[in-house]
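# Close look at the chain arrangement
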Amino acid sequence: MKKDFDFDRIGKRMPYKTPQGFFDEMEANIWKEVQSGLSPTRKRKTHRLHIFAGALAVAASIALLLVFNPFPFKKQAGSFSKVEQAFANLSQEDQAYMLSVYQEDIFMNE
Amino acid sequence: MATRNDTDIVSALKKNAENGFRLLMAKYKEPVYWHIRRLVVSHDDAQDATQETFVRVFRSFLQFKGECSLGAWIFRIATNEALRIVERRREERLSLDDPEAGVNTLMADDYVDYGDLEAVKLQKAIHSLPTKQQLAFNLRYYNELGYDEIASITNSTAANVKVNYHLAKEKIIKYMNSTD
(Lines give C-alpha, C1' and ligand atoms only; values in the text may rest on other atoms or scores of the structure.)
Protein backbone atom coordinates (compact mmCIF):
# COMPACT_ATOMS: atom_id res chain seq x y z
CA MET A 1 0.00 0.00 0.00
CA LYS A 2 1.30 3.47 -0.89
CA LYS A 3 2.44 5.80 1.87
CA ASP A 4 0.91 9.25 2.35
CA PHE A 5 -2.73 8.38 2.12
CA ASP A 6 -4.74 10.64 -0.14
CA PHE A 7 -8.53 10.86 0.04
CA ASP A 8 -8.65 11.98 -3.58
CA ARG A 9 -6.99 8.76 -4.69
CA ILE A 10 -9.52 6.45 -3.06
CA GLY A 11 -12.52 8.75 -3.43
CA LYS A 12 -15.74 7.02 -2.37
CA ARG A 13 -14.60 3.55 -3.34
CA MET A 14 -15.71 0.92 -0.84
CA PRO A 15 -15.07 -2.82 -0.57
CA TYR A 16 -18.78 -3.48 -0.03
CA LYS A 17 -20.94 -5.14 -2.67
CA THR A 18 -24.57 -6.21 -2.96
CA PRO A 19 -26.20 -9.18 -4.72
CA GLN A 20 -27.43 -8.50 -8.26
CA GLY A 21 -30.90 -6.92 -8.39
CA PHE A 22 -30.79 -6.35 -4.65
CA PHE A 23 -32.25 -2.84 -4.55
CA ASP A 24 -35.29 -3.67 -6.69
CA GLU A 25 -35.95 -6.77 -4.63
CA MET A 26 -35.63 -4.83 -1.40
CA GLU A 27 -38.05 -2.16 -2.63
CA ALA A 28 -40.58 -4.85 -3.52
CA ASN A 29 -40.18 -6.47 -0.08
CA ILE A 30 -40.67 -3.17 1.71
CA TRP A 31 -43.76 -2.31 -0.33
CA LYS A 32 -45.18 -5.77 0.42
CA GLU A 33 -44.59 -5.32 4.13
CA VAL A 34 -45.95 -1.79 4.18
CA GLN A 35 -49.10 -2.93 2.37
CA SER A 36 -49.78 -6.03 4.38
CA GLY A 37 -48.75 -4.71 7.76
CA LEU A 38 -47.15 -8.11 8.31
CA SER A 39 -43.53 -8.51 9.29
CA PRO A 40 -41.21 -11.07 7.73
CA THR A 41 -38.43 -11.07 10.28
CA ARG A 42 -38.34 -13.13 13.44
CA LYS A 43 -37.53 -10.11 15.55
CA ARG A 44 -40.60 -8.23 14.40
CA LYS A 45 -42.82 -11.29 14.81
CA THR A 46 -41.68 -11.65 18.41
CA HIS A 47 -42.35 -7.98 19.01
CA ARG A 48 -45.84 -8.32 17.50
CA LEU A 49 -46.58 -11.34 19.68
CA HIS A 50 -46.00 -9.16 22.73
CA ILE A 51 -48.28 -6.49 21.30
CA PHE A 52 -50.98 -9.07 20.55
CA ALA A 53 -50.73 -10.55 24.02
CA GLY A 54 -51.11 -7.06 25.50
CA ALA A 55 -54.01 -6.23 23.19
CA LEU A 56 -55.69 -9.52 24.09
CA ALA A 57 -55.40 -8.79 27.81
CA VAL A 58 -56.86 -5.29 27.33
CA ALA A 59 -59.73 -6.64 25.21
CA ALA A 60 -60.52 -9.37 27.77
CA SER A 61 -60.63 -6.76 30.54
CA ILE A 62 -62.99 -4.58 28.50
CA ALA A 63 -65.26 -7.56 27.77
CA LEU A 64 -65.42 -8.45 31.48
CA LEU A 65 -66.27 -4.86 32.38
CA LEU A 66 -69.08 -4.85 29.83
CA VAL A 67 -70.56 -8.15 31.01
CA PHE A 68 -70.23 -7.63 34.76
CA ASN A 69 -70.68 -3.87 34.79
CA PRO A 70 -70.12 -2.79 38.41
CA PHE A 71 -70.64 0.91 37.69
CA PRO A 72 -73.85 2.97 37.54
CA PHE A 73 -75.13 3.74 34.02
CA LYS A 74 -74.01 7.40 34.17
CA LYS A 75 -70.41 6.42 34.54
CA GLN A 76 -70.50 4.29 31.38
CA ALA A 77 -70.17 7.29 29.12
CA GLY A 78 -66.91 8.20 30.85
CA SER A 79 -65.64 4.62 30.65
CA PHE A 80 -66.42 4.40 26.98
CA SER A 81 -64.66 7.65 26.24
CA LYS A 82 -61.59 6.31 28.09
CA VAL A 83 -61.75 3.11 26.05
CA GLU A 84 -62.11 5.13 22.89
CA GLN A 85 -59.15 7.27 23.92
CA ALA A 86 -57.06 4.17 24.66
CA PHE A 87 -58.04 2.73 21.29
CA ALA A 88 -57.14 5.97 19.54
CA ASN A 89 -53.70 5.84 21.18
CA LEU A 90 -52.92 2.49 19.57
CA SER A 91 -50.99 2.36 16.31
CA GLN A 92 -52.95 1.88 13.08
CA GLU A 93 -51.59 -1.63 12.87
CA ASP A 94 -52.83 -2.56 16.34
CA GLN A 95 -56.18 -0.86 15.76
CA ALA A 96 -56.67 -2.94 12.62
CA TYR A 97 -55.73 -6.08 14.54
CA MET A 98 -58.16 -5.29 17.39
CA LEU A 99 -60.96 -4.64 14.94
CA SER A 100 -60.29 -7.78 12.93
CA VAL A 101 -60.35 -9.93 16.08
CA TYR A 102 -63.18 -8.35 18.01
CA GLN A 103 -65.62 -7.01 15.43
CA GLU A 104 -67.60 -10.25 15.64
CA ASP A 105 -67.23 -10.74 19.37
CA ILE A 106 -70.71 -11.38 20.75
CA PHE A 107 -69.92 -9.69 24.05
CA MET A 108 -68.53 -6.59 22.42
CA ASN A 109 -71.51 -6.32 20.04
CA GLU A 110 -74.26 -6.98 22.54
CA MET B 1 -30.41 16.56 -0.80
CA ALA B 2 -32.61 18.83 -2.94
CA THR B 3 -35.40 20.38 -0.91
CA ARG B 4 -37.66 20.67 -3.93
CA ASN B 5 -37.57 16.93 -4.51
CA ASP B 6 -38.35 16.31 -0.87
CA THR B 7 -41.33 18.62 -1.13
CA ASP B 8 -42.56 16.64 -4.12
CA ILE B 9 -42.10 13.39 -2.21
CA VAL B 10 -43.97 14.69 0.83
CA SER B 11 -46.92 15.91 -1.23
CA ALA B 12 -46.95 12.68 -3.27
CA LEU B 13 -47.01 10.63 -0.06
CA LYS B 14 -50.04 12.60 1.11
CA LYS B 15 -51.90 12.26 -2.17
CA ASN B 16 -51.07 8.75 -3.34
CA ALA B 17 -49.27 6.32 -1.04
CA GLU B 18 -47.78 4.11 -3.74
CA ASN B 19 -46.62 6.98 -5.93
CA GLY B 20 -45.07 8.68 -2.88
CA PHE B 21 -43.43 5.43 -1.83
CA ARG B 22 -41.85 4.98 -5.27
CA LEU B 23 -40.47 8.54 -5.26
CA LEU B 24 -39.17 8.11 -1.73
CA MET B 25 -37.42 4.85 -2.59
CA ALA B 26 -36.01 6.21 -5.85
CA LYS B 27 -34.24 8.96 -3.96
CA TYR B 28 -33.34 7.34 -0.65
CA LYS B 29 -33.10 3.56 -0.84
CA GLU B 30 -29.48 3.45 -2.03
CA PRO B 31 -28.03 6.27 0.11
CA VAL B 32 -29.79 4.89 3.19
CA TYR B 33 -28.65 1.33 2.51
CA TRP B 34 -25.01 2.43 2.02
CA HIS B 35 -25.11 4.67 5.09
CA ILE B 36 -26.30 1.71 7.18
CA ARG B 37 -23.90 -0.69 5.47
CA ARG B 38 -20.90 1.47 6.35
CA LEU B 39 -21.93 1.26 9.99
CA VAL B 40 -22.99 -2.39 10.30
CA VAL B 41 -20.66 -3.92 7.62
CA SER B 42 -22.73 -7.09 7.08
CA HIS B 43 -24.99 -7.04 4.01
CA ASP B 44 -27.73 -9.03 5.78
CA ASP B 45 -27.79 -6.66 8.74
CA ALA B 46 -27.80 -3.66 6.40
CA GLN B 47 -30.71 -5.13 4.47
CA ASP B 48 -32.73 -5.75 7.66
CA ALA B 49 -32.02 -2.27 9.01
CA THR B 50 -32.84 -0.59 5.68
CA GLN B 51 -36.13 -2.43 5.38
CA GLU B 52 -37.01 -1.59 8.97
CA THR B 53 -36.10 2.06 8.34
CA PHE B 54 -38.41 2.45 5.35
CA VAL B 55 -41.27 0.57 6.97
CA ARG B 56 -40.96 2.92 9.96
CA VAL B 57 -40.68 5.98 7.72
CA PHE B 58 -43.76 5.00 5.80
CA ARG B 59 -45.87 4.04 8.82
CA SER B 60 -44.94 7.08 10.88
CA PHE B 61 -44.94 9.56 8.03
CA LEU B 62 -47.87 11.48 9.56
CA GLN B 63 -45.63 12.23 12.56
CA PHE B 64 -43.14 14.02 10.29
CA LYS B 65 -43.83 17.71 10.98
CA GLY B 66 -41.07 19.16 8.85
CA GLU B 67 -38.94 20.41 11.77
CA CYS B 68 -35.95 19.07 9.86
CA SER B 69 -35.58 18.03 6.23
CA LEU B 70 -37.19 14.78 5.08
CA GLY B 71 -33.70 13.44 4.36
CA ALA B 72 -32.44 14.26 7.85
CA TRP B 73 -35.50 12.59 9.37
CA ILE B 74 -34.98 9.43 7.30
CA PHE B 75 -31.25 9.34 8.03
CA ARG B 76 -31.91 9.75 11.75
CA ILE B 77 -34.22 6.73 11.73
CA ALA B 78 -31.68 4.79 9.64
CA THR B 79 -28.83 5.73 11.98
CA ASN B 80 -30.81 4.56 15.01
CA GLU B 81 -31.60 1.25 13.33
CA ALA B 82 -27.96 0.74 12.36
CA LEU B 83 -26.59 1.63 15.80
CA ARG B 84 -29.09 -0.71 17.44
CA ILE B 85 -27.70 -3.56 15.32
CA VAL B 86 -24.09 -2.54 15.97
CA GLU B 87 -24.77 -2.60 19.72
CA ARG B 88 -26.54 -5.97 19.51
CA ARG B 89 -23.64 -7.52 17.58
CA ARG B 90 -21.13 -6.08 20.06
CA GLU B 91 -23.06 -7.58 22.99
CA GLU B 92 -23.30 -10.94 21.22
CA ARG B 93 -19.55 -11.02 20.69
CA LEU B 94 -18.84 -9.96 24.27
CA SER B 95 -21.21 -12.63 25.63
CA LEU B 96 -19.36 -15.24 23.56
CA ASP B 97 -16.11 -13.99 25.08
CA ASP B 98 -14.87 -13.35 21.57
CA PRO B 99 -11.27 -12.12 21.77
CA GLU B 100 -11.93 -9.94 18.70
CA ALA B 101 -14.83 -8.13 20.43
CA GLY B 102 -14.22 -4.43 20.43
CA VAL B 103 -11.11 -4.82 18.30
CA ASN B 104 -11.00 -3.09 14.96
CA THR B 105 -11.90 -5.83 12.52
CA LEU B 106 -14.01 -5.95 9.39
CA MET B 107 -16.27 -8.93 9.95
CA ALA B 108 -16.44 -11.76 7.43
CA ASP B 109 -19.16 -11.19 4.85
CA ASP B 110 -19.86 -12.66 1.43
CA TYR B 111 -20.34 -9.20 -0.01
CA VAL B 112 -17.03 -7.60 0.89
CA ASP B 113 -14.17 -7.44 -1.59
CA TYR B 114 -11.24 -8.19 0.71
CA GLY B 115 -8.91 -7.96 -2.30
CA ASP B 116 -9.25 -4.17 -2.36
CA LEU B 117 -6.75 -3.66 0.45
CA GLU B 118 -6.82 0.12 0.53
CA ALA B 119 -10.62 0.28 0.61
CA VAL B 120 -10.76 -2.40 3.34
CA LYS B 121 -8.17 -0.52 5.38
CA LEU B 122 -10.13 2.73 5.04
CA GLN B 123 -13.26 1.06 6.39
CA LYS B 124 -11.23 -0.40 9.26
CA ALA B 125 -9.92 3.07 9.99
CA ILE B 126 -13.46 4.46 10.06
CA HIS B 127 -14.57 1.65 12.39
CA SER B 128 -11.74 2.46 14.79
CA LEU B 129 -13.34 5.87 15.43
CA PRO B 130 -15.80 6.73 18.19
CA THR B 131 -19.41 6.59 16.92
CA LYS B 132 -19.90 10.38 16.72
CA GLN B 133 -16.77 10.79 14.63
CA GLN B 134 -17.76 7.86 12.42
CA LEU B 135 -21.16 9.43 11.78
CA ALA B 136 -19.75 12.89 11.15
CA PHE B 137 -17.18 11.50 8.73
CA ASN B 138 -19.50 9.15 6.84
CA LEU B 139 -22.34 11.63 6.44
CA ARG B 140 -19.98 14.41 5.34
CA TYR B 141 -17.55 12.44 3.18
CA TYR B 142 -19.83 9.89 1.53
CA ASN B 143 -23.24 11.60 1.66
CA GLU B 144 -21.89 15.15 1.28
CA LEU B 145 -24.37 16.52 3.81
CA GLY B 146 -23.96 19.93 5.42
CA TYR B 147 -22.88 20.27 9.06
CA ASP B 148 -26.33 21.55 10.05
CA GLU B 149 -28.07 18.59 8.48
CA ILE B 150 -25.65 16.13 10.09
CA ALA B 151 -26.24 17.87 13.42
CA SER B 152 -29.98 17.33 13.14
CA ILE B 153 -29.42 13.64 12.28
CA THR B 154 -27.02 13.04 15.15
CA ASN B 155 -28.78 15.30 17.63
CA SER B 156 -25.72 17.50 17.96
CA THR B 157 -24.61 21.00 16.94
CA ALA B 158 -23.02 22.00 13.65
CA ALA B 159 -19.88 23.13 15.52
CA ASN B 160 -19.51 19.74 17.23
CA VAL B 161 -20.05 17.91 13.96
CA LYS B 162 -17.36 20.03 12.30
CA VAL B 163 -14.87 19.24 15.08
CA ASN B 164 -15.74 15.53 14.95
CA TYR B 165 -15.34 15.47 11.17
CA HIS B 166 -11.89 17.05 11.26
CA LEU B 167 -10.74 14.83 14.14
CA ALA B 168 -11.99 11.80 12.21
CA LYS B 169 -10.10 12.84 9.09
CA GLU B 170 -6.85 13.31 10.98
CA LYS B 171 -7.16 9.93 12.70
CA ILE B 172 -7.99 8.20 9.42
CA ILE B 173 -4.93 9.66 7.69
CA LYS B 174 -2.75 8.57 10.60
CA TYR B 175 -4.25 5.08 10.51
CA MET B 176 -3.89 4.78 6.74
CA ASN B 177 -0.25 5.83 6.85
CA SER B 178 0.56 3.33 9.60
CA THR B 179 1.77 -0.17 8.79
CA ASP B 180 -0.65 -3.03 9.59
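Residues numbered from 1 in each chain as written. Chains lettered and ligands numbered in written order. Predicted model: local features only at pLDDT ≥ 70, side-chain atom pairs only at ≥ 80, totals over all residues.

This part covers the overall build of chain B. In terms of helices and strands, chain B carries eight helices and zero strands. In sequence order, chain B lays out its α and β elements as α-α-α-α-α-α-α-α. Taken against the 2.2 N^0.38 rule, which gives 16 Å for 180 residues, the C-alpha radius of gyration of chain B at 17 Å falls within 12% of a compact globule. Taken along its principal axes, the extent of the C-alpha atoms in chain B is 55 × 35 × 30 Å. By the burial criterion, 37% of the 180 residues in chain B qualify as buried. (Helix = DSSP H or I, 4+ residues; strand = E, 2+ residues; numbered from the N terminus. Rg over C-alpha atoms; globule rule 2.2 N^0.38 Å. Buried ≥ 20, exposed ≤ 12 C-beta atoms within 10 Å, placed from the backbone.)

A separate point is the environment of Asp113(B). Checked against the element boundaries, Asp113(B) lands in the loop between helix 4 (70-95) and helix 5 (117-127). Not counting residues up to four positions away in its chain, the partners in contact with Asp113(B) are Pro15(A) and Lys17(A). (Contact = placed C-beta atoms within 7 Å.)

To continue, consider the nonpolar core. Residue and element names in this part refer to chain B. Counting residues in each nonpolar core, the largest one holds 45 residues, and the members touching the most others are Ile36, Val40, Ile74, Ala78, Ala82, Ala136 and Ile150. Looking at which domains feed residues into this core, each of domain 1 (1-92) and domain 2 (95-180) gives three or more. Excluding anything up to four places from it in sequence, isoleucine 74 contacts Tyr28, Val32 and Val57. (Core = buried A, V, L, I, M, F, W, Y, C linked by C-beta atoms within 7 Å. Domains from an automatic or database assignment.)

This paragraph deals with the interface of chain A and chain B. The interface of chain A with chain B comprises 22 residues on the first partner and 29 residues on the second. Class assignment for the residues of the side of chain A that touches chain B results in twelve nonpolar, three polar and seven charged. (Nonpolar A, V, L, I, M, F, W, Y, C, P; charged D, E, K, R; others polar.)

Looking now at the packing of helix 5 of chain B against helix 8 (residues 158-177) of chain B. Residues and elements named next belong to chain B. At a closest axis distance of 9 Å, the pairing of helix 5 and helix 8 adopts a crossing angle of 135°. Relative to helix 8, the element helix 5 lies oblique. The element helix 5 and its partner helix 8 pack so that their crossing is right-handed. Listed contacts from helix 8 to Lys121, Leu122, Ala125 and Ile126 of helix 5 are Ile172, Tyr175 and Met176. For the contact of helix 5 with helix 8, the per-class residue count stands at six nonpolar, no polar and one charged. (Axes fitted to C-alpha atoms, helices over the stretch in contact; angles between N-to-C directions. Parallel < 35°, antiparallel > 145°, perpendicular 65-115°, else oblique. Left-handed = near helix turned anticlockwise from the far one by under 90°.)

Moving on, we come to the environment of Glu67(B). Its place among the elements puts Glu67(B) in the loop between helix 3 (43-59) and helix 4. Taking C-alpha positions, Glu67(B) is 33 Å from Glu170(B), a pair spaced 103 residues apart along the chain.

From the geometry alone we can't say anything about function, so treat these as descriptive.
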